[in-house]
Amino acid sequence: MSDARVKEPRPDPATGPNEAELAEAGLRLDVDGAIATITLNRPERRNAMTFATWRGLAKIGESLPGGVRVVVLRGAGPAFSAGIDLGMFSGGAGAEDAGGAFPDGADEAASDRFIADLQAGYTWLRRPEIVSIAAVHGHAIGGGFQLALACDIRVIADDTKFCMKEPALGLVPDLTGTKPLVEIVGVNRALELCLTARTVLADEAARLGLAEHVVPRDALDKTVGEIVTALLAVNPGAAVATKRLLLEAPHNTLDEQCAAERREQIGRLRELFGSQSA
C-alpha cells in the first residue's frame, strides 16, 4: 500500500461541466469554500434521472475543486429522486440527452463501458478526501436510492420513501448500490428489498441502518448544516486518513488493519511535527 504521506491528485476544475451542461443534466452545483452542494434539479419530473444526469455527476466528481471537503447531495421540489426517467425506455424525455438509447447488450464490451461511465457518477462520492452527505426527502427510488447509498452519511426526512425498483423493471441495480446495501442490511434483507421492490419508510430505514439520522422534514437542512459544521471542525488530514482506514477495515484482517493504523498515524505524526525522515 502507498505511504500515508502520498496524496492523490485532485481533479482540475477547468474540466468541469458549465452551467448549461449542468442544467441539461438536471443538476445544480454550488461551491462555497470547503462545501459543495449538488442539487438534483428537475422538480417537475421529481428529479427523475437520465444518462445525462449520471454523466453530469461524474463530470462534477472529475472537476471538484481541491479545497472541497464536504459534498451534500439534495433534491429540489417534493422528492430526492424518482429514479430513472422512464421516458428513456421509449425514446422520450432524456433519450437524446443521454446520447442514445439503452445498449442492447449485443456488444458486451461497449455495453460494459457504457454502464461504467454511468457508475462513475457515483463512485467518486466514496473518495477519502471528501465526506459525502445525502440529504433525502420524499421518494428516493432506484437510481435515487443508490445515490443515497453511495454517500458516506444519509440524513433523511421523516417523509422519505426508499425503493429499489430496478428488478420490477426487468433490470438490476447497477449504479453501485448492491454492495453498500448488502453491507448495511445483509444479503437476506437485501434480497427481500430488491426482489419485492417494496417501499421502505423512514422509521424502518433507521432500524435497518439505511439512515444515520431521521429528522422532521422542516429540520432537514438545519441538521445537515450542523453535521457539515462538525465535519469541517476536524483536522483535514486526520479526516482523510481516518476515512481511508475505515474504508479498508472491512477487507483487512486485524493484523492488516493494525498495520494500516500504524502507517496512517506515522503520516499524521510527520505532518503534525514536521519530520521528513523516512
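### Let's talk about the sheet that holds strand β1 (residues 27-32)
- Judged by pairing direction, the sheet is mixed, and its 6 strands sit side by side in the order β1-β2-β3-β4-β6-β9 without closing on themselves. Edge positions in the sheet fall to β1 and β9 (213-215), since each of these pairs with one other strand and no more. Averaged over all neighbouring strand pairs, the angle between strand axes comes to 15 degrees, with direction disregarded.
- When strand β6 (residues 153-157) meets β9, the two strands line up parallel, connected through 3 bridges. The residue of β9 that forms the bridge with Val155 is His213.

### What about the environment of Arg217?
- Structurally, Arg217 can be placed in the loop between β9 and α8 (220-232).
- The partly exposed category is assigned to Arg217, whose relative accessible area is 35%.
- The sequence separation of Arg217 and His137 amounts to 80 residues, and the corresponding C-alpha distance is 7.0 Å.
- Ignoring anything within four residues of it in the chain, the contact list for Arg217 reads Gly77, His137, Ala157, Asp158 and Asp159.

### Side note on a negative patch on the surface
- A contiguous patch of negative charge, built from Asp104, Asp107, Glu108 and Asp112, is present on the exposed surface.
- Residue Asp104 is classed as exposed on the basis of its relative accessible area of 69%.

### Here's the deal with unusual backbone geometry
- Phi at Asn47 is positive, roughly 55 degrees, even though this residue is not glycine.
- Within the secondary structure layout, Asn47 lies in the loop between β2 (35-40) and α2 (51-62).
- Positive phi, close to 70 degrees, is recorded for Thr176, a residue that is not glycine.
- Relative to the elements of secondary structure, Thr176 occurs in the loop between β7 (161-163) and α5 (178-185).
- Classification of Thr176 by relative accessible area gives buried; the value is 17%.

### Some words on a nonpolar patch on the surface
- A contiguous nonpolar surface patch, about 330 Å² in accessible area, is contributed by Leu86, Phe89, Leu169 and Leu171.
- Tracing the sequence through the fold places Leu171 in the loop between β7 and α5.

### A word on the pairing of β1
- As defined by bridge partners, β1 adjoins β2 across 6 bridges and the pair is classed as antiparallel. Looking across to β2, one finds that Arg28 is bridged to Thr39.
- The turn joining β1 and β2, which pair antiparallel and follow one another in sequence, is formed by 2 residues; a positive phi near 65 degrees is taken by Gly33.

### Some details on the nonpolar core
- Formed by 49 residues in total, the largest nonpolar core has its most connected members in Trp54, Val71, Leu73, Leu147, Phe162, Leu181 and Leu210.
- Contact partners of Trp54, with chain neighbours within four places excluded, come to Met49, Ile84, Met88, Leu118, Gly121, Tyr122 and Leu175.
- Ranked by size, the runner-up nonpolar core spans 13 residues in total, among them Val131, Ile133, Val224 and Ile227.

### Let's talk about the packing of aromatic side chains
- Tallying each qualifying case throughout the model produces 3 aromatic pairs.
- A centroid spacing of 6.0 Å and a plane angle of 50 degrees characterise the contact between Phe51 and Trp54, whose relative ring orientation is tilted. Of this pair, Phe51 and Trp54 both sit in helix α2, separated by 3 residues, roughly a single helical turn.
- According to the relative accessible area criterion, Phe51 is buried, its value standing at 2%.
- With a centroid separation of 4.6 Å and 20 degrees between ring planes, the pair formed by Phe145 and Phe162 is classed as stacked. Residue Phe145 is located in helix α4 (residues 143-150), and its partner Phe162 is located in strand β7; the two are separated by 17 residues in the primary sequence. Just as Phe145 is buried, Phe162 falls in that class too.

### Brief notes about the sheet that holds β7
- With respect to topology, 3 strands assemble into an open sheet ordered β5-β7-β8, the strand pairing being mixed. The open sheet has two free edges, formed respectively by β5 (139-141) and β8 (200-201), since each of these has just one partner strand.
- Direction of pairing for β7 relative to β8: antiparallel, over a ladder of 2 bridges. Note that in β8 the partner of Phe162 across the bridge is Val200.
- Against the sheet, α4 engages β5 and β7, with an angle of about 90 degrees to β5.

What counts, and where the lines are drawn
Residues numbered from 1 in each chain as written. Predicted model: local features only at pLDDT ≥ 70, side-chain atom pairs only at ≥ 80, totals over all residues. Heavy atoms only, no water. Pairing = 2+ DSSP bridges. Helix = DSSP H or I, 4+ residues; strand = E, 2+ residues; numbered from the N terminus. Axes fitted to C-alpha atoms, helices over the stretch in contact; angles between N-to-C directions. Buried < 20%, exposed > 50% of the residue type's maximum accessible area, 1.4 Å probe, protein only. Contact = heavy atoms within 4.5 Å. Patch = residues over 30% accessible without salt bridge, like charges linked within 9 Å, V, L, I, M, F, W, Y side chains within 5 Å. Areas by Shrake-Rupley, 256 points an atom, 1.4 Å probe, with all protein chains shown as cover. Salt bridge = Lys/Arg side-chain N within 4 Å of Asp/Glu carboxyl O. Lys, Arg positive; Asp, Glu negative; His and termini not counted. Charge placed at Lys NZ, Arg CZ, Asp CG, Glu CD. Core = buried A, V, L, I, M, F, W, Y, C linked by side-chain atoms within 4.5 Å. Phe/Tyr/Trp six-rings, centres within 6.5 Å; stacked < 30°, edge-to-face > 60°.

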